[in-house]
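Letter by letter, the chains look like this.
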Amino acid sequence: MTELVPLNILLIKAQKEHYAVMQFIIHNLEWIKTILEVAQATNSPVILGAKEMDINYMGGYNVVSSIVKSLMEDLNITIQVALHLDHGTSIESCKKAINAGFSSIMLDGTHLDITENIKALQQLISFINNKNIALEAEVGAIAGTEDDISSTTILANLDNSIKINQLNISSLAIGINNFHGFYPKDWKSLNFDLLQQIAQNCNKPLVLHGGSGIPKNQVLKAIKLGICQVNINSELQLIFAEKLRQEIVNNPYRIIDENTYQTMLANCIHALKKKILSFFIDYGSLGKSINMK
C-alpha cells in the first residue's frame, strides 16, 4: 500500500528545483478521486488539503483519512500524496488530524500575537516529535473568506517570519497581499518586495495561499522568488459549479435511472481534470513525483 508522505518531502524537492507543488482542497469523494487520477496519470506530486468545514461535512478526520487511503489503494496510486489539514484553528484540531493519519498539518495562528503563536507551534512540535508529520505555520493574515471566517489583509512581518522560521517547522505560509476566494476588482499585485525579503532571510519552503485568480505571470514570479507550494480552491469550485449548472439547465427532464448521478457529474469532473492538469503544467510540478512503489 502506498503511504502518505509529509508535505515537506515534496516541498524540499520543489525548493531545490524551483517549481511549486499544488495543493487542492478536497470536498468529497469525487474531488479526491479526480485529483488523485490526474496526479497519477501525469506522475505529479500533490497535496490534498482538507479544511475543518469539509472534514466535518464528510464525517470527521478518520473518515477523510480512510477515504484517501482506500482510494489510493484501489486506484493503485504510486505518486507522492500528502494529506494536509489546511488552516487548523487549534492545537486540538491538529492533534485530531495527526491521530487520524494525516501526514501534514497547518496551525493557523494568525489570530494570536507572535508570542502566543510561537508557543502554540512549540506545543505541536513537541507532540509530533519522532512522528513523520510536517507542520506548516503562517505569518500575516490572508484576506478573504474561508470556512465562513472573514479576514482582512495583514502583511507578513519580516521579524516575525524570521522568528517562526527558526522553529522546527516544515513550511511557512506568508501574507503578501494574497486573498482567499476571488480577488477584488481593484487588486493589483502580490507584494514581491516582501516575498523577496522573507525568502532571503528564511530557509523554509514558502507557501502561497489564495492561488485562485492570481495572474499566471505573478505566480511564476513568486515561484522564482521562493514560493514552493500554491493552494487552489475557488477556481476549481467555480468551474465545477458552472458545469453542474449547465447540466441541470440543459437537461431539466433527464430520465432518472441508476446512472443519472454519474452522468450529470461526468462533464463536471472532466472540466476539473483539465484545470488541475493546467496547474501541474503551468507551475512546474508535472512529472516531478518520485514513485512510491
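Residues numbered from 1 in each chain as written. Predicted model: local features only at pLDDT ≥ 70, side-chain atom pairs only at ≥ 80, totals over all residues. Heavy atoms only, no water.

Asks: What's the story with the overall build of the protein chain in this structure? I'm lost.
Replies: Within the protein chain, the secondary structure is distributed over 11 helices and 10 strands. In terms of C-alpha radius of gyration, the protein chain reaches 19 Å, essentially the compact-globule figure of 19 Å for 293 residues. Projected onto its principal axes, the C-alpha positions of the protein chain cover 60 × 45 × 35 Å. Put simply, the protein chain has 293 residues, and 53% of those count as buried. Sequence-distant contacts in the protein chain: of pairs separated by 6 or more residues, those separated by 24 or more amount to 74%. Of the roughly 13,200 Å² that the protein chain leaves accessible, carbon and sulfur atoms contribute 51%. (Helix = DSSP H or I, 4+ residues; strand = E, 2+ residues; numbered from the N terminus. Rg over C-alpha atoms; globule rule 2.2 N^0.38 Å. Buried < 20%, exposed > 50% of the residue type's maximum accessible area, 1.4 Å probe, protein only. Contact = heavy atoms within 4.5 Å. Areas by Shrake-Rupley, 256 points an atom, 1.4 Å probe, with all protein chains shown as cover.)

Asks: Explain the packing of aromatic side chains to me, please; I cannot follow it from the model alone.
Replies: The description of two aromatic rings rests on the distance between their centres and on the angle between their planes. Overall, the coordinates contain 7 aromatic pairs when judged by the stated rule. A ring pair is formed by phenylalanine 24 and phenylalanine 279, whose centres lie 6.1 Å apart and whose planes are at 50°; its orientation type is tilted. One end of the pair, phenylalanine 24, is in strand 1 (residues 21–25); the other, phenylalanine 279, is in helix 11 (residues 260–282), and 255 residues separate them in sequence. What makes phenylalanine 279 buried here is its relative accessible area of 4%. Here phenylalanine 24 and phenylalanine 280 contribute two aromatic rings whose centre-to-centre distance is 5.9 Å and whose plane-to-plane angle is 75°, an arrangement assigned as edge-to-face. With phenylalanine 24 in strand 1 and phenylalanine 280 in helix 11, this residue pair connects regions lying 256 residues apart in the sequence. With a relative accessible area of 0%, phenylalanine 280 lands in the buried category. Through a chain of ring-to-ring contacts, three or more aromatic side chains come together here, namely Phe24, Phe279, Phe280 and Tyr283. The ring centre of phenylalanine 192 lies 4.4 Å from the NZ or CZ of lysine 221, which sits over that ring. One Lys or Arg, lysine 275, reaches over the ring of phenylalanine 279 and ends 5.3 Å from the middle of that ring. (Phe/Tyr/Trp six-rings, centres within 6.5 Å; stacked < 30°, edge-to-face > 60°. Lys NZ or Arg CZ within 6 Å of the ring centre and 35° of its normal.)

Asks: Explain the pattern of salt bridges to me, please; I cannot follow it from the model alone.
Replies: When the charged atoms of two side chains with opposite charge come close together, those side chains can pair. Taken as a whole, this structure holds 8 salt bridges when the rule is applied. Across the pair glutamate 116 and lysine 119 runs a salt bridge whose closest N-O atoms are separated by 3.6 Å. Here glutamate 116 and its partner lysine 119 are both found in helix 6 (residues 114–127), 3 residues apart, which amounts to about one turn of the helix. For lysine 119, a relative accessible area of 41% translates into the label partly exposed. For glutamate 242, the salt bridge is made with arginine 245, and the minimal N-O distance between the two is 2.8 Å. (Salt bridge = Lys/Arg side-chain N within 4 Å of Asp/Glu carboxyl O.)

Asks: What's the story with the confidence of the model for the protein chain in this structure? I'm lost.
Replies: When pLDDT is averaged along the protein chain, the result is 91; 92% of the residues meet or exceed 70. Low pLDDT (under 50) marks residues 145–150, which in the prediction has 12 contacts with non-local residues, meaning those over four places away or in another chain. (pLDDT = per-residue confidence, 0-100.)

Asks: Looking at this structure, how should I read the packing of helix 6 against helix 7 (residues 158–165)?
Replies: A pair of packed helices is captured by two measures, namely the crossing angle of their axes and the spacing between those axes. The geometry of helix 6 relative to helix 7 is characterised by a closest axis approach of 11 Å and an angle of 20° between their N-to-C directions. As far as their axial angle goes, helix 7 and helix 6 are roughly parallel. Where helix 6 crosses over helix 7, the two elements pack in a sense that is right-handed. Side by side, helix 6 and helix 7 meet where Ile114, Asn117, Ile118 and Leu121 of the first sit next to Asn160, Lys163 and Ile164 of the second. Across the contact of helix 6 with helix 7, the residue classes tally to 4 nonpolar, 2 polar and 1 charged. (Axes fitted to C-alpha atoms, helices over the stretch in contact; angles between N-to-C directions. Parallel < 35°, antiparallel > 145°, perpendicular 65-115°, else oblique. Left-handed = near helix turned anticlockwise from the far one by under 90°. Nonpolar A, V, L, I, M, F, W, Y, C, P; charged D, E, K, R; others polar.)

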